[in-house]
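# Structure at a glance
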Amino acid sequence: MSFTLPELPYAHDALEPHVDKATMEIHHGKHHAAYVTNLNKSLETTEWKSRSLEEILANVSKLPIAVRNNGGGHWNHSAFWNWMKPKVAGTSPTGKLGDAIKKDFGSFDKFKEQFSNAAVARFGSGWAWLIHQDGKLVVASTPNQDNPLMDTAETRGIPVLGLDVWEHAYYLKYQNRRPDYIAAFWNVVNWDEAARRYAAVK
Ligand code: MN3
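This write-up is about the structure you can find in this document. For clarity, every value in this text was computed on a predicted model and none was experimentally measured. All chains use their own residue numbering, which begins from 1 and follows the written sequence. Given that the model is predicted, a residue must reach a pLDDT of at least 70 before its local features are reported, and side-chain atom pairs must reach 80 or more before they are shown or counted; all residues, however, enter totals for whole chains, interfaces and linings. The side-chain values count all of the structure's non-hydrogen atoms but skip hydrogen atoms and water molecules.

### Thoughts on the coordination of the manganese ion
Coordination of the manganese ion by the protein comes from H27 (NE2), H77 (NE2), D164 (OD) and H168 (NE2), over a distance range of 1.9 to 2.1 Å. Positions of the donor residues of the manganese ion, expressed as sequence spacing, correspond to H-x49-H-x86-D-x3-H. With a gap of 87 residues between them, H77 in helix α3 (residues 65–82) and D164 in strand β3 (residues 158–164) connect regions that are remote in the sequence. D164 matches H77 in its accessibility class, with the two residues each being buried. Each metal site lists N, O and S donors within 2.8 Å (3.2 Å for Na, K and Ca). With water left out of the atoms, a site can look as if it is missing ligands. What counts as a helix is a DSSP run of H or I of at least four residues, what counts as a strand is a run of E of at least two, and both are numbered from the N terminus. Under the scheme applied here, a residue whose accessible area is under 20% of the maximum for its type counts as buried, over 50% as exposed, and between as partly exposed, the area being computed with a 1.4 Å probe on protein chains only.

Written as C-alpha cells, this is what we have:
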C-alpha cells in the first residue's frame, strides 16, 4: 500500500482572485505530489508503510526526518485543499464550532486576529492552526511541514483549520506580502469542513 495524491475538490482557478490558478497548479501538482512520492520512498524500508498516516505522525519522533517532512506535507496539504472552497466569502462558523470559537476566543473577530497573527509571525516556512486540545480550541503554529498531530509538536491537538504560510503558497500572487495572502484566505475558508472536523473530535 502506498500513499497517493488526492484530487483537488475544485478546479485550479476556482479560488480566484484570492488564490490564483498558477499557484494552485504548482502547489498541488508539484509540491504536494513531491511530498507523496518522497513519503512513499522514505517508508519503503520501514515497517510503517502499512500504517495510517495519523499513526505515523503520532510516532514521528522514532522515524527518519524524511518521514516527518513528507508525511507532514502530505497530511497538511490533503487537509488544506478541503479547508478552502469557492464562493464562501463572508461566511463564518455557525453551530457548535461557532459557539466554541466565541467561548474560547471571545468572538469570531478575536479568533481571526489571533490566528492571523500566528500566521504572520511564523518565521520562515510553516503553518498556522486552530486545534482542539483538551476540550478547548487553541491557536498554534508549526515550522516546516510539522503539525499538531506529531509527537514532536510543541503544541499538540487535533487540527480543525490550518493555513499554509510557505512562500510557495502565495509568492506568485502576493510576493512578500504574506499578510495580504492571509487576509484573502478568510474569503475561501470552508467552515463546513472545519465544523466537520470539530464534530469528529468532540
Ligand atoms: Mn504548501
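### Focus on the packing of helix α4 (residues 95–105) against helix α8 (residues 191–201)
Comment: axis = line fitted to C-alpha atoms, over the contacting stretch for helices; angle = value between 0 and 180 degrees taken between N-to-C directions. Contact geometry of α4 with α8 gives a least axis separation of 8 Å together with a crossing angle of 85°. On the basis of their axis angle, the class for α4 and α8 is roughly perpendicular. Residues K96, L97, A100 and I101 of α4 touch α8, and the partners they reach there are W191, A194, A195 and Y198. Residue type decides the class: Asp, Glu, Lys and Arg count as charged, Ala, Val, Leu, Ile, Met, Phe, Trp, Tyr, Cys and Pro as nonpolar, and the leftover types, Gly among them, as polar. Grouping the amino acids of the contact of α4 with α8 by side-chain chemistry returns seven nonpolar, no polar and one charged. Here the word oblique covers every angle except those under 35 degrees (roughly parallel), over 145 (roughly antiparallel) and from 65 to 115 (roughly perpendicular). The contact rule is simple, with two residues in contact once any of their heavy atoms fall within 4.5 Å.

### Quick look at the side chain of H168
On the secondary structure map, H168 appears in the loop between β3 and α6 (171–174). Look at H168 and you get buried, because its relative accessible area is 18%. Nitrogen and oxygen atoms within 3.5 Å of one another constitute a polar contact, given that in protein one can donate a hydrogen and the other can accept it, and given that sequence-neighbouring residues count only through two side-chain atoms. Of note is the side chain of H168, whose polar atom sits 3.3 Å from the side chain of H31. Side-chain polar atoms of H168 contact the side chain of D164, separated by 3.4 Å. Here H168 is in contact with T23, H27, H31, Y35, H77 and Q145, once residues within four sequence places are set aside.

### A short note on the packing of aromatic side chains
Centres within 6.5 Å make a pair out of two Phe, Tyr or Trp rings, where for Trp the six-membered ring is used; the pair is then stacked when the planes are under 30 degrees apart, edge-to-face when over 60, and tilted otherwise. Counted according to the given criterion, the structure contains 18 aromatic pairs. An angle of 45° between the planes, with centres 5.7 Å apart, marks the rings of F80 and W81 as tilted. Of the two residues examined, F80 and W81, each falls in the buried class. Between W186 and W191 the ring centres are 6.4 Å apart and the planes differ by 10°, which places this aromatic pair in the stacked class.

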